[in-house]
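Tertiary structure, described
Residues per chain are reported as follows:
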Amino acid sequence: MRLLFLGDVVGRSGRDVVIENLPGLIQRYKLDFVVVNGENSAGGFGITEAICDDLLAAGADAVTLGNHSWDQREALVFIERQPRLLRPLNYPAGTPGRGAGLYKARNGAEVLVINAMGRIFMPELDCPFRAIDAELEACPLGSGADAILIDFHAEATSEKESLGIYLDGRVSCVVGTHTHVPTAEDRVLAGGAAYMSDAGMCGDYNSVLGMQPEEPVNRFLTRIPKGRMEPSLGPGTLCGLAVDIDPKTGLATNAQALQLGGALRQRKIEFWE
Ligand SMILES: [Fe+2]
Ligand SMILES: [Fe+2]
């Protein structure tokens, strides 16, 4: 079973590179399931209903969020009628939307997707480890779901690695988002969970985290905001993690970072070529 995860889509450059390439990738690699993090897809801040629909139309089976979930206020409303849009599971009780969803993949498998947020250098939320435990208890790998993917939206690598090790053997994949830079340790952990600390963003890498550099550099130099953060509009790189899953166990047999287009070194998915 073939699963692709794409990291934070930032602004128009990120949307363009995803929407232009995802349908072809699905066809070329016969992908069974695709998850895209869309927390920065609307001008770098949040997601609109129209953009969410565009990502789904391009082939995403689920769209995840993060600390920017509500930057576009309309997301608080339309998330209630869009079951394929997930916000972090560990927000306070009563938060609109849902943090986990069970979806049918193109090969017929049931895939559980969970979006959770870390707590180091992030807003204070419920414990992500325990929140995920409760979801996995309700829908375990094997009896409840054929594959399970966790998008862990967090800043600290220590927290991401700890969650990966903690969940190893119980899920198909733990992939990090939020830092907007892909890490180089794409791999399968000892217990069969595909793991990568950060998938990297889909967006223009000639930037600061996908934003035009002038304002972030100015804020570091002067501590005085001069203007708005605006997304960089150069050619985007599509960044993500490809995971091959044994359909009998739901565990990963292979995992590799994908990087396509734009300014980064190009990486195809070798084990599917
Ligand atoms: Fe992000
Ligand atoms: Fe984020």
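Located above this text is the structure these notes cover.
Notes on the structure in this doc start here. The model shown is predicted, which means the values in this text are computed figures rather than measured ones. Just so you know, the residues in each chain are numbered from 1, in the order the chain's sequence is written. Chain letters start at A and ligand numbers start at 1, both assigned in the order the entries are written. Where local features are concerned, this predicted model is filtered to residues with pLDDT of at least 70; where side-chain atom pairs are given and counted, the filter is 80 or more; whole-chain, interface and lining totals use all residues. Based on all heavy atoms of the structure, the side-chain values leave hydrogens and waters out of the count.

**Section: the side chain of D133**
- The secondary structure listing takes helices from DSSP runs of H or I that are at least 4 residues long and strands from runs of E that are at least 2 residues long, numbered from the N terminus. Take D133: it is sitting in helix α4 (residues 128-138).
- Any pair of nitrogen or oxygen atoms within 3.5 Å is treated as a polar contact; in protein, a donor-acceptor pairing is required on top of that, and neighbouring residues in sequence qualify only through side-chain atoms on both sides. Of the polar contacts made by the side chain of D133, one reaches the side chain of R170; its length is 2.9 Å.
- Here, residues are in contact when the closest pair of their heavy atoms is within 4.5 Å. Contacts of D133, omitting those with residues within four sequence positions, involve Y166 and R170.

**Examining the coordination of the iron ion (ligand 1)**
- Around the iron ion (ligand 1), the protein contributes the donor atoms D8 (OD), E39 (OE), N40 (OD1) and H180 (NE2), at 2.0 to 2.2 Å from the metal centre.
- Donor selection uses N, O and S atoms within 2.8 Å of the metal (3.2 Å for Na, K and Ca). Since no water is included, sites may look incomplete. Square planar and octahedral sites, with four and six donors, are those where opposite donors lie more than 155 degrees apart and all other angles lie between 65 and 115, tetrahedral sites have four donors with every angle between 85 and 135 degrees, and the rest are irregular. Its 4 donor atoms give the iron ion (ligand 1) angles of 87 to 167° at the centre, a pattern that matches the irregular case.
- Read in sequence order, the donor residues for the iron ion (ligand 1) give the motif D-x30-E-N-x139-H.
- Separating the iron ion (ligand 1) from the iron ion (ligand 2) is a gap of 3.4 Å, which E39 spans by donating to each of them. For the pair shown, E39 and N40 are each scored as buried. Categorising residues by exposure relies on relative accessible area from a 1.4 Å probe, with only protein chains included: less than 20% of the type maximum marks a residue as buried, more than 50% marks it as exposed, and the intermediate range marks it as partly exposed.

**Regarding the coordination of the iron ion (ligand 2)**
- Coordination of the iron ion (ligand 2) by the protein involves E39 (OE), N67 (OD1), H153 (NE2) and H178 (ND1), with metal-donor separations of 2.1 to 2.2 Å.
- Around the iron ion (ligand 2), the 4 donor atoms sit at angles spanning 86 to 149°, and that spread fits a shape best called irregular.
- Spacing between the donor residues of the iron ion (ligand 2) along the chain follows E-x27-N-x85-H-x24-H.
- Of the residues examined, E39 reaches a relative accessible area of 1% and is grouped as buried.
- Judged by relative accessible area, N67 falls into the partly exposed class, the value being 26%.

**Points about the sheet that holds strand β9 (residues 187-188)**
- When DSSP finds two or more bridges between two strands, those strands count as paired. The strand order across the open sheet built from 6 strands is β5-β6-β7-β8-β10-β9, with neighbouring strands paired in mixed fashion. Only two strands of the sheet have a single partner each, and these edge strands are β5 (100-104) and β9.
- Between N-to-C directions, angles cover 0 to 180 degrees, with each direction set by a line fitted to C-alpha atoms, over the stretch in contact for helices. Seen against the sheet, α4 touches β5, β6 (110-117) and β7 (147-153) and runs at an angle of roughly 160° to β6.

**Considerations on the environment of F129**
- One can find F129 in helix α4.
- When the C-alpha atoms of F129 and A109 are compared, they prove to be 25 Å apart, with 20 residues separating the residues in sequence.
- Leave out the neighbours within four places in its chain, and F129 touches E159, S162, L163 and Y166.

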